[in-house]
Amino acid sequence: MSIKAVTCHVAVCDVCGTTYGSDRDDERAVYSATRETAVGLVYADPEWLVTTDGRVMCLLADPHHQAALDALMPPAPAAVCDGQLPIALDPGQAD
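Values in this document were obtained by computation on a predicted structure and should not be read as measured data. (Residues numbered from 1 in each chain as written. Predicted model: local features only at pLDDT ≥ 70, side-chain atom pairs only at ≥ 80, totals over all residues. Heavy atoms only, no water.)

1. Section: a nonpolar patch on the surface
- On the surface, Val10, Val12 and Tyr31 cluster together to form a nonpolar patch covering roughly 260 Å² of accessible area.
- As for its placement among the helices and strands, Tyr31 is situated in the segment before helix 1 (35–43). (Patch = residues over 30% accessible without salt bridge, like charges linked within 9 Å, V, L, I, M, F, W, Y side chains within 5 Å. Areas by Shrake-Rupley, 256 points an atom, 1.4 Å probe, with all protein chains shown as cover. Salt bridge = Lys/Arg side-chain N within 4 Å of Asp/Glu carboxyl O. Helix = DSSP H or I, 4+ residues; strand = E, 2+ residues; numbered from the N terminus.)

Next up, the structure:
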């Protein structure tokens, strides 16, 4: 019997390090023959996220994962309304 090296790909959460598949009841990581296959498996799972820049995240509901998701969002636009008059919050204060 011969022994040969085999390369496999496993998706791992960039936030917490959870291996894809190990969060299930059987606790077995999912091994793929190619990177594209591993990304495809994670992409099809609604509990995991693959970002446009190639990062992989499980969607646990904790502050670290929420911060990572918030960092993916664009900045909130500034609220600018042309011609709007300033509102005096203190009624005794006149402009």
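Now that the structure has been shown, the text picks up again.
2. Examining the environment of Tyr31
- According to the relative accessible area criterion, Tyr31 is exposed, its value standing at 57%.
- Between the C-alpha atom of Tyr31 and that of Val10, which follows or precedes it by 21 residues, the distance is 5.2 Å. (Buried < 20%, exposed > 50% of the residue type's maximum accessible area, 1.4 Å probe, protein only.)

3. A word on the confidence of the model for the protein
- Averaged over every residue, the pLDDT of the protein is 83; residues scoring 70 or more account for 88%.
- Per-residue pLDDT, averaged within each element of the protein, yields its smallest value for helix 1 (89) and its largest for helix 2 (residues 63–72) (93). (pLDDT = per-residue confidence, 0-100.)

4. Focus on the pattern of salt bridges
- Tallied over the entire structure, the rule returns 1 salt bridge.
- Across the pair Arg55 and Asp53 runs a salt bridge whose closest N-O atoms are separated by 3.3 Å.
- For Arg55, a relative accessible area of 33% gives the class partly exposed.

5. Section: the nonpolar core
- Of all hydrophobic cores here, the largest spans 10 residues; its members are Ala11, Cys13, Tyr20, Val42, Trp48, Val50, Val56, Met57, Cys58 and Ala68.
- Among the elements of the structure, strand 1 (48–50) and strand 2 (56–58) are those that each provide at least two residues to this core.
- Leave out the neighbours within four places in its chain, and Met57 touches Cys13, Val15, Glu47, Trp48, Leu49, Thr51, Ala68, Leu69 and Leu72. (Core = buried A, V, L, I, M, F, W, Y, C linked by side-chain atoms within 4.5 Å. Contact = heavy atoms within 4.5 Å.)

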